[in-house]
Amino acid sequence: MDKHFEILFLDEAFGFLSSLERKHYEKILYNIRKAQVEQDPELFKKLSDDI
């Protein structure tokens, strides 16, 4: 499946993710991977500014 975008994690992002509980870390990665291959407006509905 074609990806809409690639993800490059900064060291700070890895530090943040590693500080989370495993289930939260996995949920974030799941949603990122989901967003890469399908357009789901629910994933981004709470964003109001540029990322």
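Before reading further, recall that the structure is shown in the block above.
Worth saying up front: this structure is predicted, and the values here are computed from it rather than measured. Here the residue numbers are simple positions, counted from 1 along each chain's written sequence. Since the coordinates come from a predicted model, pLDDT governs what is reported: local features require at least 70, and pairs of side-chain atoms require 80 or more to be given and counted, while whole-chain, interface and lining totals use all residues. Only heavy atoms go into the side-chain values, all of them from the structure, while hydrogens and water stay out.

1. Side note on the packing of aromatic side chains
In step 1: Planes of paired rings set the category: under 30 degrees apart is stacked, over 60 is edge-to-face and the rest tilted, where pairs are Phe, Tyr or Trp rings (Trp by its six-membered ring) whose centres lie within 6.5 Å. Considering all chains together, one arrives at one aromatic pair under this definition.
In step 2: Considering the side-chain rings of F9 and F14, the 5.3 Å spacing of their centres and the 50° angle between planes classify their relative orientation as tilted.
In step 3: Taking relative accessible area as the criterion, F14 reaches 43% and is therefore assigned partly exposed. Residue burial is assigned from relative accessible area. The probe radius is 1.4 Å, only protein chains are included, and a residue is buried under 20% of its type maximum, exposed over 50%, and partly exposed in between.

2. Details of the environment of Q39
In step 1: Counting from the N terminus, the helices are the DSSP runs of H or I reaching at least four residues and the strands are the DSSP runs of E reaching at least two. Position of Q39 among the secondary structure elements: in the loop between helix 2 (22–37) and helix 3 (41–44).
In step 2: In this structure Q39 comes out as exposed when scored by relative accessible area, which is 70%.
In step 3: Residues Q39 and H4 lie 35 residues apart in sequence; the distance between their C-alpha atoms is 8.6 Å.

3. So, the pattern of salt bridges
A side chain of one charge can pair with a side chain of the opposite charge if their charged atoms are brought near each other.
In step 1: Salt-bridge detection follows one rule: a side-chain nitrogen of Lys or Arg within 4 Å of a carboxyl oxygen of Asp or Glu. Under the definition given, this model contains one salt bridge.
In step 2: Across the salt bridge formed by E26 and R22, the nearest N and O atoms sit 2.8 Å from each other. Taken together, the residues E26 and R22, both in helix 2 and four residues apart, mark about one turn of the helix.
In step 3: Taking the relative accessible area as the measure of exposure, E26 reaches 38% and is therefore partly exposed.

4. What about the environment of Y25?
In step 1: Here Y25 lies in helix 2.
In step 2: Residue class for Y25 comes out partly exposed when judged on its relative accessible area of 25%.
In step 3: In sequence terms Y25 and F14 are 11 residues apart; their C-alpha atoms lie 9.9 Å from each other.
In step 4: Residue contacts are counted whenever heavy atoms from the two residues lie within 4.5 Å of one another. For Y25, the residues in contact, after removing those within four places along its chain, are L17, S18 and L20.

5. What about helix 2?
In step 1: A helix is expected to reach a length of 1.5 Å times the quantity of its residues less one. A rise of 1.5 Å per residue sets the reference length of helix 2, with its 16 residues, at 22 Å; its end C-alpha atoms lie 23 Å apart and thus fit the reference within 8%.
In step 2: For helix 2, the complete set of buried residues consists of L29, A35 and Q36. Taken around the axis of helix 2, the buried residues stretch over an arc of 125°, which confines them to a single face.
In step 3: Contact partners of the buried residues in helix 2: helix 1 (11–19) and helix 3. Working definition: the arc comes from the directions between the helix axis and the C-beta atoms, pointing outward to the latter.

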